Amino acid sequence: MTAERAAALVAHTRTVDETRALAEALGERARPGDLVLLAGDLGAGKTAFAQGFGAGLGITETITSPTFTLAQEYEGRLRMHHLDVYRLDQLGEVAGLGLAELLDDGSVVLIEWGDKILPALPSDYLEVRLTFGEGDDDRRLAFRAVGPTWSLRTRTIAEVVGPYVGPPRGNGTSPDGPPGPEGAAGNGTGGTEA
Ligand SMILES: Nc1ncnc2c1ncn2[C@@H]1O[C@H](COP(=O)(O)OP(=O)(O)OP(=O)(O)O)[C@@H](O)[C@H]1O
Ligand SMILES: [Mg+2]
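As a starting point, this report considers the structure included with it. Keep in mind that what you see is a predicted model, and the values were worked out from it rather than measured. Residue positions are given per chain, counted from 1 along the sequence in the order it is written. Chains and ligands are labelled by the order in which they are written, letters from A for the one and numbers from 1 for the other. Selection of residues for local features in this predicted model requires a pLDDT of at least 70, selection of side-chain atom pairs for listing and counting requires 80 or more, and totals for whole chains, interfaces and linings are taken over all residues.

## Observations concerning helix H2 (residues 46–56)
Spacing of three or four residues puts side chains on the same side of an α-helix, whose turn is 3.6 residues.
Okay, step 1: The burial label depends on the number of other C-beta atoms within 10 Å of a residue's C-beta. Counts of 20 or more mean buried, 12 or fewer mean exposed, and intermediate counts mean partly exposed, with C-beta atoms placed from the backbone. Strands here are runs of E lasting at least two residues and helices are runs of H or I lasting at least four, both read from the DSSP assignment and numbered beginning at the N terminus. The element H2 is largely enclosed, with a buried count of 11 among its 11 residues.
Okay, step 2: Taken together, the buried residues of H2 touch helix H1 (16–28), strand S2 (35–40), strand S3 (71–75), strand S4 (79–84), strand S5 (108–112) and strand S6 (125–132).
Okay, step 3: The positive-phi residue at the C-terminal boundary of H2 is Gly 58, with phi of around 85°. Contact definition: two residues whose C-beta atoms, as placed from backbone geometry, lie within 7 Å.

Structure follows, in structure tokens:
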């Protein structure tokens, strides 16, 4: 058996609703104390992912971008803290948020641009890195478990991501495209755009 590296699990979505549906499935499996870092450029879909994840936690309130508020809190099956640290320059500001306490209290924390503040974060998280694909609505989502919490749940992640694994859409040669992910389309998440 060759040595296995903890490679990232990669998914492809073709619409914002697919990204939300994938995230919703993951949110349904979230546990108290889960930390999720959302990495990716402006407009990659970090907030869309958080909206779907929140729907999976049973949050009915509209989830909006916390870019200007830094942190927002929502009540669902678990409490979700949704942060956007794009504008945070100093790690000290993050320390002031009391992240460890929030996680200890059983909340779930999602941090957009979390990869920018790694030194201030617990080293136990799921990183979701969103990048742009060929088409305007194509996205690649790479999932990487860091630390024990998520590493022990790679099977769960694989189950959630499985329907979206496969080659990205080609250059629009077929209007129907390749077989789509089962049940991924038309599964409204309730995460309305603000
Ligand atoms: N497959 C897709 N997945 C996610 N978003 C998509 C997809 N296709 C198109 N979009 C669009 O891309 C945009 C993603 O915006 P979103 O606010 O989620 O990005 P963001 O990464 O949070 O950006 P920011 O860094 O500004 O916070 C939305 O307008 C969404 O409709
Ligand atoms: Mg955002």
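From this point, things continue past the structure.
## Topic: the site of ligand 1
Okay, step 1: Neighbouring ligand 1 are 19 residues, the closest being Thr 19, Gly 45, Lys 46, Thr 47 and Asp 137.
Okay, step 2: Those elements that place two or more of their residues in the shell around ligand 1 are H1 and H2.
Okay, step 3: The nonpolar class holds Ala, Val, Leu, Ile, Met, Phe, Trp, Tyr, Cys and Pro. Asp, Glu, Lys and Arg form the charged class, and all remaining residues, Gly among them, are polar. For the shell around ligand 1, the residue count by class is 4 nonpolar, 9 polar and 6 charged. Using the backbone to place each C-beta atom, any residue with that atom within 6 Å of a molecule or strand is considered near it.

## With respect to the pairing of S5
Okay, step 1: Burial analysis of S5 places 5 of its 5 residues in the buried class, which makes it a mostly covered element.
Okay, step 2: Neither face of S5 is exposed, since Val 108, Leu 110 and Glu 112 on one face and Val 109 and Ile 111 on the opposite face are all buried.

## Brief notes about the sheet that holds strand S7 (residues 139–146)
Okay, step 1: Any two strands are treated as partners once DSSP identifies two or more bridges connecting them. Taken in spatial order, the 7 strands line up as S1-S7-S6-S2-S5-S4-S3 in an open sheet, and their pairing is mixed. The sheet terminates laterally at strand S1 (9–13) and S3, the two strands that pair on one side only. Each neighbouring strand pair of the sheet contributes to a mean axis angle of 20°, computed without reference to strand direction.
Okay, step 2: Taken together, the 5 bridges between S4 and S5 define a ladder with parallel strand orientation. Counted as the bridge partner of His 81 is Val 109 from S5.
Okay, step 3: Seen against the sheet, H1 touches S1 and S7 and runs at an angle of roughly 140° to S1. Axis lines are fitted to C-alpha atoms, over the contacting stretch for helices. Their N-to-C directions set the angle, which ranges from 0 to 180 degrees.

## Details of the environment of Val 165
Okay, step 1: Position of Val 165 relative to the elements: it lies in the segment after helix H6 (154–161).
Okay, step 2: Residues Val 165 and Ala 11, spaced 154 residues apart in sequence, show a C-alpha to C-alpha distance of 4.6 Å.

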